[in-house]
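Letter by letter, the chains look like this.
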Amino acid sequence: QLQLVESGGGLVQPGGSLRLSCTLSGSSLYYYAIGWFRQAPGKEREGVACISSSGGSATYADFVEGRFTLSRDNAENTVYLQMNSLKPEDTARYYCATGVGRFCPSVDSVGDWGEGTLVTVSS
């Protein structure tokens, strides 16, 4: 069975940076597009970004465009989300997920979820 494990969350000041990791086990990362989602307390889960199975392209939500960057290392079965210029409104629990095969996941159409990692942006 597929397992996804996120790491790298923590407390950071506004304007700071964090790098989140998502590691897949149970299959090769090569076969999957990987999406990142986040959910703040009292709010609905929202899509953040997605990277293609090849790593050749990535898409980003408008609210992170220019600040967040996705990359992947298939040899390590890991996807990275580099987050720069963090804002208090970025505070949320961040999750990674597979899509169905090579397709990017959406909030209501995913393959497997990780348990998430908490990011807190506060001064």
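The preceding data block contains the structure.
My aim in this report is to walk through the structure given alongside it, one point at a time. Predicted model only: the values in this text are computed from it and were never measured. (Residues numbered from 1 in each chain as written. Predicted model: local features only at pLDDT ≥ 70, side-chain atom pairs only at ≥ 80, totals over all residues. Heavy atoms only, no water.)

Within this structure, the stated rule accounts for 3 aromatic pairs. For the ring pair Tyr95 and Trp113, a centre distance of 6.3 Å and an interplane angle of 85 degrees mean the geometry is edge-to-face. Placement of the pair is Tyr95 in strand S9 (residues 92–98) and Trp113 in the loop between S9 and strand S10 (117–121), with a sequence separation of 18 residues. For Tyr95, a relative accessible area of 12% puts it in the buried group. Judged by its relative accessible area of 30%, Trp113 is partly exposed. Put simply, the rings of Phe37, Tyr95 and Trp113 pair up and form one aromatic cluster. (Phe/Tyr/Trp six-rings, centres within 6.5 Å; stacked < 30°, edge-to-face > 60°. Helix = DSSP H or I, 4+ residues; strand = E, 2+ residues; numbered from the N terminus. Buried < 20%, exposed > 50% of the residue type's maximum accessible area, 1.4 Å probe, protein only.)

With that settled, consider the pattern of salt bridges. The full count for this structure, using the stated rule, is 3 salt bridges. The closest approach of N and O atoms between Glu46 and Arg38, which form a salt bridge, is 2.8 Å. Its relative accessible area of 6% is what places Arg38 among the buried residues. Two residues, Arg67 and Asp90, come together in a salt bridge whose shortest N-O distance is 2.8 Å. Placement of Arg67 in the loop between strand S6 (58–60) and strand S7 (68–73) and of Asp90 in the loop between strand S8 (78–83) and S9 is noted, with a sequence separation of 23 residues between them. For Asp90, a relative accessible area of 1% corresponds to the buried category. Through salt bridges with shared partners, one network takes in Arg38, Glu46, Arg67 and Asp90. (Salt bridge = Lys/Arg side-chain N within 4 Å of Asp/Glu carboxyl O.)

Counted according to the given criterion, the structure contains 2 disulfides. The side chain of Cys22 participates in a disulfide bridge whose partner is Cys96; the two sulfur atoms lie 2.1 Å from each other. Since a negative S-S torsion denotes a left-handed disulfide, the Cys22-Cys96 link at about 75 degrees is right-handed. With a gap of 74 residues between them, Cys22 in strand S3 (residues 18–25) and Cys96 in strand S9 connect regions that are remote in the sequence. With relative accessibility at 1%, the residue Cys22 sits in the buried group. Cys96 gets classed as buried once you look at its relative accessible area, which sits at 0%. Across the chain, the way the bonded cysteines pair up, counted in sequence order, is 1-3, 2-4. (Disulfide = S-S within 2.5 Å.)

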